[in-house]
Protein chains: 2
Amino acid sequence: MDFNSRILGIDPGSRITGYGVIEKESGGRLKFVACGVVKSTPSLPFPERLMEIYDGICEVIVKHGPDEAAIEDVFMSKNAMSALKLGHARGVLILAAIKHHLTVHEYTPLTVKQSVVGHGGADKRQVQHMIKSLLSLSGLPGHDASDALAVAVCHANMMRFEKESG
Amino acid sequence: MDFNSRILGIDPGSRITGYGVIEKESGGRLKFVACGVVKSTPSLPFPERLMEIYDGICEVIVKHGPDEAAIEDVFMSKNAMSALKLGHARGVLILAAIKHHLTVHEYTPLTVKQSVVGHGGADKRQVQHMIKSLLSLSGLPGHDASDALAVAVCHANMMRFEKESG
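A brief report on the enclosed structure follows. Sequence positions are assigned chain by chain, starting from 1 and proceeding in written order. Chains and ligands are labelled by the order in which they are written, letters from A for the one and numbers from 1 for the other. Only residues with pLDDT of at least 70 get local features here, since the model is predicted, and only at 80 or more are side-chain atom pairs given and counted; chain-wide, interface and lining totals rely on the full set of residues. Water and hydrogen atoms were dropped before computing side-chain values, which therefore reflect all heavy atoms in the structure.

In this complex, chain A contributes 23 residues to the contact, which on the side of chain B involves 23 residues. Two parts placed together each lose some accessible area under a 1.4 Å probe, and the buried area is that loss summed for both. Taking both sides of the interface into account, the surface hidden between chain A and chain B amounts to around 2000 Å²; carbon and sulfur atoms contribute 81%. Take a side-chain nitrogen of Lys or Arg and a carboxyl oxygen of Asp or Glu: if they are within 4 Å of each other, that pair is a salt bridge. Inspection of the region where chain A meets chain B yields two salt bridges. Between lysine 99 of chain B and aspartate 55 of chain A there is a salt bridge, with its nearest N and O atoms 2.5 Å apart. Breaking the side of chain A that touches chain B down by element, the ones donating at least two residues are α1 (46-64), α2 (80-99) and β5 (103-107) of chain A. Helix and strand labels come from DSSP, where a helix needs a run of H or I of at least four residues and a strand needs a run of E of at least two; each type is numbered from the N terminus. Sorting elements by how many residues they give to the side of chain A that touches chain B places α2 of chain A first, with 13 residues. Gly is put with the polar residues, along with every residue not named as nonpolar or charged; the nonpolar set is Ala, Val, Leu, Ile, Met, Phe, Trp, Tyr, Cys and Pro, and the charged set is Asp, Glu, Lys and Arg. By residue class, the composition of the side of chain A that touches chain B is 15 nonpolar, three polar and five charged. By definition, residues are in contact when any of their heavy atoms lie within 4.5 Å.

Quick look at the structure:
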């Protein structure tokens, strides 16, 4: 017997972290549950900002009770310093998921775009529109929330694939 | 009235994190309390390793009850991927400190060496020997633990400086 599965998608950021929760129904249909952002306060010392990010995503997990988490891999930018900051944020986000007994899956931005839009060169606007259509949303979600929903949808597609090929 | 202050020094690593706890007595003398390493298991998935690092340092904090934490800044190596991994580990280490209400101070490897050995070009062996002498240890601590004790000593010296100049 198949159960519905709730997936939390995370688009990590040291300032703004997008999150999106979807439900994969036993028949395979994807249902929107929630989306939004977790912000950290730029004027606070970095350690306190990490706590804001951690506490913020813990709140989302407790509220929506996902079974699994999918998080976007870091895009290795030329700016090593911002990649490093992002690494700190990503570390506490992954910790929050594992502390709540979620399995954590990681996907590169390329895989997410290929899975959701069909090609890796898709821009943020295309992802947004595709997410709106796939999840039958009444409006366009913000960029960060939409990227997070895309990671969740990507994971749902991968689960299907694993199942079919398993 | 001055109170003794306990300082936790951390030398972060995604595989081995060194820690060192010292006590700064009200007269300014530095006393060794404990040192060691927190390891993560290379064969485990990265999210679980992050939890090992987080839980390990939390245990050290609960056991030794430091008042403040000092952590070494990441050395920006040419290998961006390993710097990024280190960022994840550092993120959960900082989170552990702030979750236990410690203030967190960050020092570059250069500052630590200058403060402990007297010049920024010191190698790991020189740091080890200076730490043994400064804290009147009977033996040489391991490299990771010794680096962590050095960060703690560096912070103790900075506190003295701040007080004198304040």
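The rest of the description comes next.
Turning next to the relation of the copies chain A and chain B. Of the two same-sequence chains, chain A is brought onto chain B (RMSD 0.0 Å, axial shift 0.0 Å) by a rotation of 180 degrees. Such a turn and shift between the copies fits a two-fold axis. Residue by residue, 100% of the interface of chain A is reproduced at the interface of chain B, so both copies engage with the same surface. A least-squares fit on C-alpha atoms brings the copies together, and the residues used are those whose pLDDT is at least 70 in both copies.

Further remarks concern unusual backbone geometry. Even without glycine at this site, histidine 101 of chain A takes up a positive phi of about 65 degrees. Along the polypeptide, histidine 101 of chain A turns up in the loop between α2 and β5.

Right, let's talk about the packing of aromatic side chains for a bit. Each aromatic ring pair is characterised by the separation of its centres together with the angle its planes make. The aromatic pairing rule takes the rings of Phe, Tyr and Trp, using the six-membered ring of Trp, and pairs them if the centres are within 6.5 Å, calling planes under 30 degrees apart stacked, those over 60 edge-to-face and the rest tilted. Counting across every chain of the model gives zero aromatic pairs over all chains. Only Lys NZ and Arg CZ are tested; either one counts as a charge over a ring when it is within 6 Å of the ring centre and within 35 degrees of the ring normal. Above the plane of the ring of phenylalanine 46 of chain A lies lysine 85 of chain A, whose end atom (NZ or CZ) is 5.5 Å from the centre.

Attention now goes to the sheet that holds strand β2 (residues 16-24) of chain B. Residue and element names in this part refer to chain B. If you trace the five strands from one edge of the open sheet to the other, you get β3-β2-β1-β4-β5, paired in mixed fashion. Single-partner strands in this sheet number two, and they are β3 (30-39) and β5 (103-107). Ignoring which end each strand starts from, the neighbouring axes of this sheet average 20 degrees apart. For two strands to count as paired, DSSP must find a minimum of two bridges between them. Bridge count for β2 against β3 is nine bridges, and the pairing is antiparallel. By the bridge assignment, glycine 20 is partnered in β3 with cysteine 35. All axes are obtained by fitting lines to C-alpha atoms, using only the stretch in contact for helices, and the reported angles, taken between N-to-C directions, cover 0 to 180 degrees. Taken strand by strand, helix α1 (residues 46-64) contacts β1 (5-11), β2 and β3, and its axis lies near 155 degrees from that of β3.

Turning next to the pairing of β2 of chain B. Residue and element names in this part refer to chain B. Of all nine residues in β2, eight are buried, a share of seventy percent or more. The pairing of β1 with β2 spans seven bridges and is classified as antiparallel. For serine 5, the partnering residue across the bridge sits in β2 and is lysine 24. With antiparallel pairing between neighbouring strands as the criterion, β1 and β2 make up a hairpin whose turn holds four residues. In textbook terms, the turn of a hairpin is the stretch between consecutive antiparallel strands, and for β2 and β3 this stretch comprises five residues, one of which, glycine 28, has a positive phi near 105 degrees. Working definition: with a 1.4 Å probe on protein chains only, accessible area under 20% of the residue-type maximum means buried, over 50% means exposed, and in between means partly exposed.

Residue and element names in this part refer to chain B. With respect to the helices and strands, leucine 135 occurs in the loop between α4 (124-134) and α5 (143-165). Remark: the alpha-carbon pair of leucine 135 and isoleucine 22, spanning 113 residues in sequence, is separated by 8.6 Å. Those residues in contact with leucine 135 that sit more than four places away from it in its chain are Ile22, Leu30, Phe32, Leu149 and Val153.

A few words now on the nonpolar core. Generally speaking, nonpolar side chains in soluble globular proteins are found buried as a group. By nonpolar core is meant a set of buried Ala, Val, Leu, Ile, Met, Phe, Trp, Tyr and Cys residues that side-chain atoms within 4.5 Å join together. Counting 50 residues, the largest nonpolar core has Leu8 and Ile57 of chain A together with Leu8 of chain B as its most contacted members. Residues contacting leucine 8 of chain A, with those up to four places away along its chain left out, are Tyr19, Gly20, Val21, Val60, Ile61, Pro66, Glu68, Ala69, Ala70, Leu102 and Ala152 of chain A. Counting residues in each nonpolar core, the second largest holds 21 residues, with Val112, Ala122, Ala150 and Val153 of chain A among its members.

This part covers the pattern of salt bridges. One pass over the structure, following the stated rule, counts twelve salt bridges over all chains. Two residues, glutamate 106 of chain B and arginine 90 of chain B, come together in a salt bridge whose shortest N-O distance is 2.8 Å. With glutamate 106 of chain B in strand β5 and arginine 90 of chain B in helix α2 (residues 80-99), the pair connects residues that are 16 residues apart, well separated along the chain. Note on arginine 90 of chain B: relative accessible area 3%, which makes it buried. Put simply, Asp73, Arg90 and Glu106 of chain A are held in one network by salt bridges that share partners.

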